[in-house]
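# Architecture at a glance
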Amino acid sequence: MSFHPRLAALGLLVCALTAEAAPKVTIAPITGDKRSQVHSQISAALCRTYTCVASSRVFTKKKPDWNKMKAAGVTGLLVGGVAKAKSGKGKEVQLSWLDKPGKAAQSWSFPLTSAGKLTSSSLQTLGSDVGNLTSGGGAAGVGAVGALAAGTTAAAGDTLATTPPTTGPGGAGAMAAGAAAEPLPLPVTPTPPPPGEKSLADTPVAVDAGANQGYEAPRHQWRFAVELGADFLNKNLSYGNQAAGSILRPYSASLFIAPHLRLELFPLAFFGDGLFAGIGLFGDYSLSVGLKSNFSNGSDNTNKGTTYNNWQAGLEWRLRFWKDSDLAFVPFYAYGKQHFLTDGDPQGVGFAGLPQMSLWGHKIGLRVDIPISSGFWIIVGGDYILWKTKALAVQDSSGNNSTSFTGSSSGFEAELGFHIGIAGPFSIRIYGMYSTTSFTFDDGQPGAAGSASDRYLGGRAMLRLQF
């Protein structure tokens, strides 16, 4: 071939490569590939020839979403995992090519070197077969760039042989040259490299910076969460060993509502998804709305403004001992306050003998997140409260706290709930709750009782956003 036909063939090659957009493929994370060595090698070999679309764009709840793949124009999806070799010696990577729901279009099993990497011949075979698959089963479509990435060389004529006919000056000569050239043979099965061979598996690979841009492996620890909802509570205050001369008044509230806000922040989760990423801060706040207490004494019927609020702030650690699971054991500590006070209008009127519960103290507890599926969890938790409040103020008929009884108190809280995914980062959480506070009065206090028990029973419904 003279100089001019060669130049024409080269021009035709450039035009063909630039005129036709590279097929889009997705390379899913390889399970068992602890250091992402195999994934990096495959990305380096394929993403120079094809447009690699991040798996996060075409997966929904860790499963391929064929609607998303179609919308993104993805031709096929490469999935697989590292496992023990069937021969019993070393490890191998098992790969499958998916281009539609159901059975894989093609599968491979490649041996790994002692360093846990693919050999150059395995990468060459994979690149050739993917070329066949993306071109509809015809000649391998790796082209010049793909052949170099797979560790092979090809002449311009080899590439032109798979390029559609093009008219124009030099086109006939270029086609003749392409027809005369024979494509280089490719191995049909992966073979280990001969002793001493330095393959692509043993040399640094430069991954295209844009090949997997935006990819992020599935995360099991969120960075920030906010919940907004309400508590629905029943309250009952009663006494034990109450003598005839006791001035203490029992109390009950059948149902009241307290809007509730919760915030969570996991600073270390911004830098990774490991064990320490589960260390976070949290805060809760709830406050009653429109709550009134009714006192009836013959002809005297009074509704007095009442306030319930409960807040806590603390530290928790979501311990996930299985990195690919959302199962978590969550020990936590919190400092909290709880108030139930009849302190509103009408002024100058009080409930004689009613303790004003104003408590503060420390909580230590454990919660367990039990995933049934990716969108449904069971949540079980409980905590012990050491209330540091040493005295209870008791209201008189004028609304003043004229009496105070000393003692000690502690509490216990338990909850059982469900986390239900709605869409994307949104979910709802529904809980059943029980809490009790026991206050033991000091001896020798006229008008007191042996103990007081303040119980809350109810539920909570929250809309949650986490990311």
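Look above for the structure.
These notes cover the structure that comes with them. (Residues numbered from 1 in each chain as written. Predicted model: local features only at pLDDT ≥ 70, side-chain atom pairs only at ≥ 80, totals over all residues. Heavy atoms only, no water.)

### Re the state of the cysteines
According to the stated counting rule, one finds 1 disulfide in the structure shown. In this model, Cys47 is linked to Cys52 through a disulfide, with the two sulfur atoms separated by 2.0 Å. Because the torsion about its S-S bond is -100°, the bridge between Cys47 and Cys52 counts as left-handed. Neither residue differs from the other here; Cys47 and Cys52 are each classed as buried. (Disulfide = S-S within 2.5 Å. Buried < 20%, exposed > 50% of the residue type's maximum accessible area, 1.4 Å probe, protein only.)

### Some thoughts on the sheet that holds strand β1 (residues 24-27)
The strand order β2-β1-β5-β6-β7 describes an open sheet built from 5 strands, whose pairing is mixed. The strands lining the two open edges of the sheet, one partner per strand, are β2 (51-52) and β7 (106-111). Note that β1 and strand β5 (residues 74-84) share 4 bridges and pair parallel. Among the inter-strand pairings, Thr26 is bridged to a residue of β5, identified as Leu77. Sitting on the sheet, helix α2 (residues 37-46) is in contact with β1, β5 and β6 (91-98), with an inclination near 170° to β1. Across the sheet, helix α4 (residues 120-134) lies against β1, β5, β6 and β7, angled at about 175° from β7, the strand it touches most. (Pairing = 2+ DSSP bridges. Helix = DSSP H or I, 4+ residues; strand = E, 2+ residues; numbered from the N terminus. Contact = heavy atoms within 4.5 Å. Axes fitted to C-alpha atoms, helices over the stretch in contact; angles between N-to-C directions.)

### Concerning the nonpolar core
Judged by nonpolar contacts, the single largest core of 30 residues is most densely connected at Leu248, Phe256, Tyr308, Phe340 and Phe441. Only β8 (224-242), β9 (251-265), β15 (355-373), β16 (376-387), β17 (391-394), β19 (426-441) and β20 (449-466) provide two or more residues apiece to this core. If sequence neighbours within four positions are ignored, Phe340 has contacts with Lys235, Tyr251, Phe256, Leu291, Thr306, Thr307, Tyr308, Gln356, Met357 and Tyr456. In terms of nonpolar packing, the next biggest core, distinct from the first, is built from 22 residues, Val38, Val82, Leu118 and Leu123 among them. (Core = buried A, V, L, I, M, F, W, Y, C linked by side-chain atoms within 4.5 Å.)

### Focus on the pairing of β15
With 13 bridges joining them, strand β14 (residues 328-341) and β15 adopt antiparallel strand pairing. For Val330, the partnering residue across the bridge sits in β15 and is Arg367. As judged from the 2 bridges shared by β15 and β17, these two strands associate in the antiparallel manner. Bridge pairing in β17 places Pro355 opposite Val394.

### Considerations on the packing of aromatic side chains
Under the defined criterion, the tally for this structure stands at 18 aromatic pairs. Both rings, one in Phe295 and one in Phe351, keep their centres 5.4 Å apart while their planes meet at 40°; by these two values the pair is tilted. Of the two residues, Phe295 sits in strand β11 (residues 292-297) while Phe351 sits in the loop between β14 and β15, which places them 56 residues apart along the sequence. Both residues of the pair, Phe295 and Phe351, count as buried. Here Phe405 and Phe441 contribute two aromatic rings whose centre-to-centre distance is 5.9 Å and whose plane-to-plane angle is 90°, an arrangement assigned as edge-to-face. Highlighted residues: Phe405 in strand β18 (residues 403-423) and Phe441 in strand β19, separated in sequence by 36 residues. Under the relative-accessibility criterion, Phe441 is labelled buried at 4%. Here a set of aromatic residues connected by ring pairs shows up, and it is made of Tyr251, Phe256, Tyr308, Phe340 and Tyr456. Against the face of Phe340 rests Lys235, its NZ or CZ located 4.4 Å from the ring centre. When the ring centre of Tyr431 is taken as origin, the NZ or CZ atom of Arg460, which lies over that ring, is 5.9 Å away. (Phe/Tyr/Trp six-rings, centres within 6.5 Å; stacked < 30°, edge-to-face > 60°. Lys NZ or Arg CZ within 6 Å of the ring centre and 35° of its normal.)

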